[in-house]
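Structural characterization, general
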Amino acid sequence: MDNSEVTGKRVKIRAKNRIFEGIAMPSATGSFVLKLDNGYNVGFTDYELLEVKEVEKAEERLELFRSPDLPDVKIISTGGTIASKVDYNTGAVTSQFTAEEIVADVPEIAEICNIDAMLLYNILSENMKVQHWIELAGEVYSALKKYEGVIITHGTDTMAYTASALAFMLSTPKPVILVGAQRSSDRPSSDAAMNLVCSAVAATSDLGEVSVVMHATTSDDYCYIHRGVKVRKCHTSRRDAFKSVNFPPLGRVDYSRREVEWFVEDRFRRGERELRIADRMEEKCVLIKFFPGMKPDVLNYYHDEGYRGFVIEGTGLGHVSTDWIDTLKDICDDSVVVMTSQCIWGRICDRVYDTGRYLLRAGVIEGEDMLPEVALIKLMWLLGNYDVEKARELVRENIAGEITMSTRYWEAEV
Ligand code: GLU
């Protein structure tokens with residue numbers, strides 16, 4: 001049967017002695033393909049297909065019900081997989097949903113909080129720029145004046161960068177939760193609904209900091225609440241892709257019980273800090289990954305372009321080859337140079353080997369246990385708000401939980 005007339009529409013069909021309902025999909029093979037509400041595609045031959053009838057949308061849009069007993073939470077949607085579904089015309093996954101539509105898809109959220117939603121962007125997170133972070137920080141700042149918590153739906157690829165940027169730009173007395181999904185919400189294995197429900201639990205908790213809420217395991221049992229400046233996406237596709245690095249997750253949200261179990265006492269609590277924003281960022285900062293044999297002229301290139309913030313992702317405890325030392329010494333005269341490690345886990349110590357000692361003498365600053373990308377964003381923020389000398393001083397200090405005083409080996413297991 002030619003299904004071009006009903007492609008993309010909701011239909012009820014009679015076939016194989018049963019009634020099926022779903023969306024008629026385009027088909028290259030001539031068979032009639034139906035996408036069921038559970039996400040599976042079923043194909044029918046002309047012989048099997050007895051009747052096709054167009055039907056009204058099964059679910060009407062959720063009327064957002066407001067309960068006076070529940071806290072008000074703002075959802076700011078920026079795009080990414082959590083906001084995407086299959087485009088039935090092309091078969092591709094595209095971002096096309098507003099935050100309100102996400103809530104309509106996950107009605108359980110209405111049992112946790114009253115939602116207001118806004119679509120700020122509809123972009124994949126690799127397209128985020130510093131300007132987006134600044135604009136987003138402004139929206140979150142305004143929302144925090146009125147709401148008990150803020151949820152930001154975001155693509156997972158660069159979610160941790162955005163979390164860091166917000167953590168430095170905002171002093172928040174309330175939870176600011178970033179959430180995403182590895183699989184879009186119309187896939188049977190989607191993590192979108194559970195992550196969103198857990199983010200609502202976190203957004204109404206007693207937390208007072210920027211965090212990332214994502215699946216903790218590959219099952220639908222609980223989500224971790226990661227500190228925004230201590231988290232990294234560590235897997236391209238697994239639902240438990242996000243790991244806290246050099247610090248435990250702050251806590252976890254039990255999906256079925258909708259409860260938080262805290263792991264970390266030393267966390268910012270609701271009401272502890274005043275709401276403030278400092279949203280200037282210096283874009284001329286760069287993260288350079290060293291590899292054996294790499295020439296130091298890359299440093300001169302950026303320096304000549306006016307860059308004054310350098311984060312180096314060095315080897316092991318924080319090293320580059322000794323032929324970088326002279327160039328680094330020159331750069332350090334008027335720039336901030338921070339050493340981090342490609343190891344990810346552990347702490348920089350440039351006092352163990354000669355190379356490290358030369359680096360310190362050249363003026364390179366040890367980045368402690370900061371993730372390289374977090375050090376980069378910290379530097380952007382520091383140089384946006386302070387002069388080079390003050391930035392050099394503050395980069396060693398813990399501002400948003402990005403530096404922990406001692407690294408315990410078990411954290412690598414989390
Ligand atoms: N690359 C896209 C992004 O980060 C899609 C992946 C995702 O959302 O997880 O926005």
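Let us look at the structure shown here. None of these values were measured; they are calculated from a predicted model.

**Section: the packing of aromatic side chains**
If you walk through the whole model with that rule in mind, you get seven aromatic pairs. Taking 5.1 Å as the distance between ring centres and 80° as the angle between the ring planes, the aromatic pair formed by Tyr301 and Tyr302 counts as edge-to-face. In this structure Tyr302 comes out as partly exposed when scored by relative accessible area, which is 22%. Ring centres 4.9 Å apart and planes at 70° place the aromatic pair Tyr302 and Tyr307 in the edge-to-face group. Of the aromatic side chains, those joined through ring pairs into one cluster are Phe168, Trp381 and Tyr386. The ring of Tyr222 has Arg252 sitting right over it, with the charged end atom 3.9 Å from the ring centre. Note that Arg273 overlies the ring of Phe268, its terminal NZ or CZ placed 3.7 Å from the centroid.

**Examining the site of the ligand**
Taken together, the neighbourhood of the ligand is formed by Gly80, Thr81, Leu124, Ser125, Glu126, Gly155, Thr156, Asp157, Ala181 and Gln182. Interatomic distance of 2.3 Å between a side-chain N/O atom of Thr156 and an oxygen atom of the ligand. Separating a nitrogen atom of the ligand from a side-chain N or O atom of Asp157 is a distance of 2.7 Å. Taken by itself the ligand offers 280 Å² of open surface, and the protein chains cover 87% of this. Here the shell around the ligand is built from residues that sort into two nonpolar, six polar and two charged.

**Observations regarding the pattern of salt bridges**
A complete count under the given rule lists 24 salt bridges for this structure. Residues Arg227 and Glu209 are paired through a salt bridge, measuring 2.8 Å at the closest nitrogen-oxygen approach. Highlighted residues: Arg227 in strand E14 (residues 222–227) and Glu209 in the loop between helix H4 (192–203) and strand E13 (210–215), separated in sequence by 18 residues. One salt bridge in this structure joins Glu402 and Lys378, with 2.6 Å as the shortest N-O distance. Highlighted residues: Glu402 in the segment after helix H9 (388–394) and Lys378 in helix H8 (residues 372–385), separated in sequence by 24 residues. Across the pair, Lys378 and Glu402 agree in class, each one buried. Salt bridges sharing partners connect three or more residues here, namely Lys230, Arg347, Glu368 and Asp369.

**Focus on the side chain of Arg232**
Along the chain, Arg232 turns up in strand E15 (residues 231–233). A polar contact of 2.9 Å, which involves the side chain of Arg232, links it to the side chain of Glu373. Filtering out sequence-adjacent residues up to four positions away, Arg232 remains in contact with Ala160, Ala241, Phe242, Lys243, Val245, Ile344, Leu371, Pro372 and Glu373.

**Comments concerning the packing of helix H3 (residues 159–169) against H8**
The interhelical angle for the contact between H3 and H8, taken along N-to-C directions, is 35°, at an axis separation of 9 Å. Both H3 and H8 take part in a crossing whose hand is right-handed. Contact residues: H3 offers Tyr161, Ser164, Ala165, Phe168 and Met169, while H8 offers Glu373, Val374, Ile377, Lys378 and Trp381. Looking at the contact of H3 with H8 residue by residue, the class counts come to seven nonpolar, one polar and two charged.

**Observations regarding the sheet that holds strand E20 (residues 285–289)**
Hydrogen bonds between backbone atoms are what pair the strands of a sheet, whose relative direction is either parallel or antiparallel. Here four strands make up an open sheet; going across it, the order is E20-E21-E22-E23 and the pairing parallel. Each edge of the open sheet is held by one strand with a lone partner, namely E20 and strand E23 (365–366). Pairing geometry for strand E22 (residues 336–341) and E23, over two bridges, is parallel. Note on E23: the bridge partner recorded for Val338 is Ile365.

**Topic: the nonpolar core**
Counting 57 residues, the largest nonpolar core has Trp133, Val140, Ile152, Leu166 and Met281 as the members making the most contacts within it. Of all the elements in the fold, those that place two or more residues in this core are helix H2 (130–146), strand E10 (149–153), H3, strand E12 (176–179), E13, E22, H8 and H9. For this core, the element with the highest residue contribution is H8, accounting for nine residues. Each residue touching Met281, except ones within four places of it in the same chain, is listed here: Val130, Trp133, Ile134, Ala165, Met169, Ile377, Met380, Trp381 and Gly384. By size, the runner-up hydrophobic cluster in this structure holds 31 residues, among which are Ile82, Ile109, Ile177 and Cys198.

**Points about the pairing of E20**
Of the strand pairs in this sheet, E20 and strand E21 (residues 309–314) are connected by five bridges, and their pairing is parallel. Within the sheet, the bridge partner assigned to Leu287 lies in E21 and is Val311. In this fold, the crossover linking E20 to E21 by way of helix H5 (residues 297–304) has right-handed handedness.

Reading the values: the criteria
- Residues numbered from 1 in each chain as written.
- Predicted model: local features only at pLDDT ≥ 70, side-chain atom pairs only at ≥ 80, totals over all residues.
- Heavy atoms only, no water.
- Phe/Tyr/Trp six-rings, centres within 6.5 Å; stacked < 30°, edge-to-face > 60°.
- Buried < 20%, exposed > 50% of the residue type's maximum accessible area, 1.4 Å probe, protein only.
- Lys NZ or Arg CZ within 6 Å of the ring centre and 35° of its normal.
- Near = heavy atom within 4 Å.
- Polar contact = N/O pair within 3.5 Å; in protein donor to acceptor, adjacent residues only side chain to side chain.
- Areas by Shrake-Rupley, 256 points an atom, 1.4 Å probe, with all protein chains shown as cover.
- Nonpolar A, V, L, I, M, F, W, Y, C, P; charged D, E, K, R; others polar.
- Salt bridge = Lys/Arg side-chain N within 4 Å of Asp/Glu carboxyl O.
- Helix = DSSP H or I, 4+ residues; strand = E, 2+ residues; numbered from the N terminus.
- Contact = heavy atoms within 4.5 Å.
- Axes fitted to C-alpha atoms, helices over the stretch in contact; angles between N-to-C directions.
- Left-handed = near helix turned anticlockwise from the far one by under 90°.
- Pairing = 2+ DSSP bridges.
- Core = buried A, V, L, I, M, F, W, Y, C linked by side-chain atoms within 4.5 Å.
- Right-handed = clockwise from strand over helix to strand, strands pointing away.

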